[in-house]
Amino acid sequence: MKVLVTGVDGYSGWPLALRLLAEGHEVVGLDNFATRRRVREVGSWSATPIPSFPRRLAAVQAAFGRSLTFYRGDLGNYRFVDDVLARERPDAIVHLAEQRSAPYSMIDVHHAVATQVENLTGTLHLLYAIRDRCPEAHLVKMGTMGEYGTPNVEIPEGFFEIEYRGRRDTLPFPRSAGSWYHWSKVFDSGDVMYATRIWQLRSTDVMQGVIYGIRTPEITQDALLTRFDFDETWGTALNRFIVQAILGLPITPYGKGGQTRGFIALEDSMQSLLLALRNPAKPGEYRVFNQFDAAYSVNQLAETVAAIAREFGLSPTIEHPPDPRVEAEEHFYAPQHDHLAALGYRRSRELGEVIREIFRDLRRFRRRLEAKRLQVLPRTQWRSAPPTRSPTE
Ligand code: USQ
């Protein structure tokens, strides 16, 4: 299968490309390196050193005896998108090339607008180019569990049956996102669903939970490592908690700490994406996969990280700063996640073992963590904003 991975330089795009190559697929990658620039914009870096892209490609060639075809460019440029799809005509496209940080989107008006304009424009450009250049291609679009928010009822996989004033229908489950970033994914979902219907495309919208971990079996040397972000803007809560424990900073579940999310290990996220690719949607089919293994509250994450940190001889503390976000700090959370299991998905990694693996890996990069210690503290506020500044292009 020939697979185009947009956002191939990113946290999950890179290990996905390696997995696809390992399984014998032809891989085409595309990236504009926005994540590298934007992590620099907030004064941080990945804990794992990330080589330049040419060096990454050379490492792939050395490890696999072949490499991927790479295009540097921006999904905001329609001619570029159209050219790549016309030339490559992939069998499938995994679309990961979006601004992925909720705090980044909340910095100010410019970051909110950049997030929504880029994410929506890139997806629309891809949809049109698929229609015109490779309408048979299967689009696997990275969405987020955060599209649903935290309603006080069970969350189905995309659609639900509803009876209202005596009539019944199957409709998209209402979305209630918690940042401009998460709303961009909601709007994307609507666009992918609509394009699939009018042009008979094939699409899978992945409602991805929080991914954790740095390792997949293909990452056999440092030159093949993927990113590990830990600063306030780009690091997820779990990454930040581990780094806080290592640096002797308090672990920071915000507010009451009952915020509960779905989680999946990087390795299992790769397994899920491969399953979706091997079992494509039919022409005209828009399907939704809720992609996570287990739900944990941030308090549970903090306690798990603290217990494992003690195994490593550290003395972690837990503090509860006021929540900088506007979100429920205690809530019901019960999303369904059966579609991938029906295709044969089985969880392969447990949270604790992956956290231990991360602690072991990060010991080697401790100096890189120390150098960005100040970037770990929360700054972005959902309610009030500092003066505005331009986002990095
Ligand atoms: N949180 C803390 N303490 C911290 C940092 C975060 O309690 O130091 C809390 C947040 O307030 C939130 C929860 O942890 O309630 C999750 O935040 P996060 O930063 O780990 O993740 P989030 O902003 O939801 O975004 C991440 C990825 C995003 C993906 C999403 C999946 O950055 O790309 O779409 O997870 S999901 O959470 O299911 O929406």
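The structure reproduced in this document is the subject of the present report. The shown structure was predicted, so the numbers you read here are calculated from the model rather than taken from an experiment.

Rules behind the numbers
Residues numbered from 1 in each chain as written. Predicted model: local features only at pLDDT ≥ 70, side-chain atom pairs only at ≥ 80, totals over all residues. Heavy atoms only, no water. Near = heavy atom within 4 Å. Polar contact = N/O pair within 3.5 Å; in protein donor to acceptor, adjacent residues only side chain to side chain. Areas by Shrake-Rupley, 256 points an atom, 1.4 Å probe, with all protein chains shown as cover. Helix = DSSP H or I, 4+ residues; strand = E, 2+ residues; numbered from the N terminus. Nonpolar A, V, L, I, M, F, W, Y, C, P; charged D, E, K, R; others polar. Core = buried A, V, L, I, M, F, W, Y, C linked by side-chain atoms within 4.5 Å. Buried < 20%, exposed > 50% of the residue type's maximum accessible area, 1.4 Å probe, protein only. Contact = heavy atoms within 4.5 Å. Phe/Tyr/Trp six-rings, centres within 6.5 Å; stacked < 30°, edge-to-face > 60°. Lys NZ or Arg CZ within 6 Å of the ring centre and 35° of its normal.

1. Observations regarding the site of the ligand
Logical step 1: The full set close to the ligand counts 22 residues, and Thr144, Tyr181, Ala237, Thr252 and Glu327 are the nearest of them.
Logical step 2: Separating an oxygen atom of the ligand from a backbone N or O atom of Arg100 is a distance of 2.7 Å.
Logical step 3: A distance of 2.6 Å separates an oxygen atom of the ligand from a polar atom in the side chain of Glu327.
Logical step 4: Across the complex, the protein chains shield 94% of the 740 Å² of accessible surface that the ligand would expose by itself.
Logical step 5: Looking at the shell around the ligand, the elements that each hand over two or more residues are α7 (180-199) and α8 (237-247).
Logical step 6: With three residues, the top contributor of residues to the shell around the ligand is α8.
Logical step 7: Here the shell around the ligand is composed, by residue class, of nine nonpolar, eight polar and five charged.

2. A few points about the nonpolar core
Logical step 1: Counting residues in hydrophobic clusters, the biggest one holds 72 residues, and the most contacted among them are Leu16, Ile242, Val305, Phe359 and Leu362.
Logical step 2: Contact partners of Ile242, with chain neighbours within four places excluded, come to Val305, Ile355, Ile358, Phe359 and Leu362.

3. Digging into the packing of aromatic side chains
Logical step 1: Considering all chains together, one arrives at 12 aromatic pairs under this definition.
Logical step 2: When the ring of Phe160 is compared with that of Phe173, the centres are 5.1 Å apart and the planes differ by 80 degrees; the resulting orientation is edge-to-face. Of this pair, Phe160 sits in strand β6 (residues 159-164) while Phe173 sits in the loop between β7 (167-172) and α7, and the two are 13 residues apart along the sequence.
Logical step 3: On the accessibility criterion, Phe173 (8% relative accessible area) is buried.
Logical step 4: Relative to Tyr296, the ring of Phe263 has its centre 5.7 Å away and its plane inclined at 55 degrees; by these criteria the two rings are tilted. Taken together, the positions of Phe263 in strand β10 (residues 260-265) and Tyr296 in strand β12 (residues 294-297) put the pair 33 residues apart, joining distant regions of the chain.
Logical step 5: According to the relative accessible area criterion, Phe263 is buried, its value standing at 4%.
Logical step 6: Residue classification places Tyr296 among the buried residues on the basis of a relative accessible area of 17%.
Logical step 7: Feature note: the residues Trp14, Phe33, Phe53 and Phe70 constitute an aromatic cluster, connected by ring pairs.
Logical step 8: Between Arg56 and the ring centre of Trp14, over which it is positioned, the NZ or CZ distance is 4.2 Å.
Logical step 9: Cation over ring: Lys372 sits above Trp45, and NZ or CZ is 4.7 Å from the ring centre.

The analysis is restricted to geometry; functional conclusions fall outside its scope.
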